[in-house]
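# Chains, contacts and geometry: an overview
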Amino acid sequence: MNLCIPVVENAGLASRVSAHFGSTPWFLLVDTTTNECHTIQNTNSHHQHGACQPLTVLHGHAIDAIVVGGIGRGALSKLRAAGMATYLAERTTAVEVVEAFKAGRLTEIDPAQACAGHGHGHGHGHEHDHGHLHEWQPES
């Protein structure tokens, strides 16, 4: 199984999981059978909220599932439309995510859990409490 994990650094399986899918600087691709991995730089990390093009950056790579610390509704919708399973990364590092995936302890994200906007107190850095996706509140 090939996982894609958005990460904040290019440190292989020791990489920390990014709090947000679309603005992550790197995508770590991991073969869960061999633990072989490589990173892809997210050339679309600086975009307007809602304008994430995840499939453009990941195009051409064999990916069976995405495991994220947080994701917007638009990006989640695009991934689901492409048939990509998307799971919540309730772990801090990529190696912990891979272990949890292999053990069947990851939860697939429901669209109602996705982050819907920037009016809820977090900036582009997307502060995040792992294990809890952002609660949506309307912009003021």
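Residues numbered from 1 in each chain as written. Predicted model: local features only at pLDDT ≥ 70, side-chain atom pairs only at ≥ 80, totals over all residues. Heavy atoms only, no water.

### Description of helix α3 (residues 94-102)
Those residues of α3 not exposed but buried are A94, V97, V98, A100 and F101. Each buried residue of α3 sits inside an arc of 165° when the element is viewed along its axis, so together they form one side. The positive-phi residue at the C-terminal boundary of α3 is G104, with phi of around 75°. (Buried < 20%, exposed > 50% of the residue type's maximum accessible area, 1.4 Å probe, protein only. Helix = DSSP H or I, 4+ residues; strand = E, 2+ residues; numbered from the N terminus. Arc of directions from axis to C-beta.)

### Structural notes on the sheet that holds strand β1 (residues 2-7)
One open sheet holds the 5 strands; their spatial order is β3-β2-β1-β4-β5, and the pairing between them is mixed. The open sheet terminates on both sides in strands that have one partner only, identified here as β3 (37-41) and β5 (85-88). When strand polarity is set aside, the average angle formed by the axes of neighbouring strands in this sheet is 25°. By the bridge criterion, 2 bridges tie β1 to strand β4 (residues 65-68) in an arrangement that is parallel. Considered in β4, the bridge of C4 is made with I66. Here α3 sits on the sheet and contacts β1, β2 (26-31), β4 and β5; the angle it forms with β1, its principal contact strand, is near 145°. (Pairing = 2+ DSSP bridges. Axes fitted to C-alpha atoms, helices over the stretch in contact; angles between N-to-C directions. Contact = heavy atoms within 4.5 Å.)

### Notes on the confidence of the model for the chain
Mean pLDDT for the chain: 78, with 72% of residues reaching 70 or above. Scored below 50 in pLDDT, residues 117-140 makes 47 contacts in the model with residues more than four places away or belonging to other chains. (pLDDT = per-residue confidence, 0-100.)

### Here's the deal with the pairing of β3
Strand residues, when the strand is regular, have side chains that alternate between the two faces of the sheet. Where β2 lies against β3, 5 bridges are found, and the strand directions are antiparallel. Each residue of the ladder has a partner; that of L28, found in β3, is T39. Connecting β2 to the next strand, β3, in antiparallel fashion are 5 residues, including N35 with a positive phi near 65°.

### Focus on the packing of aromatic side chains
Centre-to-centre distance and the angle between the planes together describe a pair of aromatic rings. Within this structure, the stated rule accounts for 2 aromatic pairs. Between F21 and F27, the ring centres sit 5.4 Å apart and the planes meet at 55°, which makes this aromatic pair tilted. What makes F21 buried here is its relative accessible area of 1%. The exposure class of F27 is buried, given its relative accessible area of 1%. Ring centres 5.8 Å apart and planes at 80° place the aromatic pair Y87 and F101 in the edge-to-face group. Taken as a pair, Y87 in strand β5 and F101 in helix α3 lie far apart in primary sequence, 14 residues in all. For the residue pair Y87 and F101, the accessibility class agrees, reading buried in each case. (Phe/Tyr/Trp six-rings, centres within 6.5 Å; stacked < 30°, edge-to-face > 60°.)

### Quick notes on the pairing of β2
In this structure, β1 lies alongside β2, joined through 6 bridges in antiparallel fashion. Across the sheet, the residue bridging to C4 is L29, located in β2.

### Regarding the environment of D110
Mapped onto the fold, D110 is located in the segment after α3. Note on D110: relative accessible area 41%, which makes it partly exposed. Distance from D110 to L76, taken between C-alpha atoms, is 8.9 Å for residues 34 residues apart in sequence.

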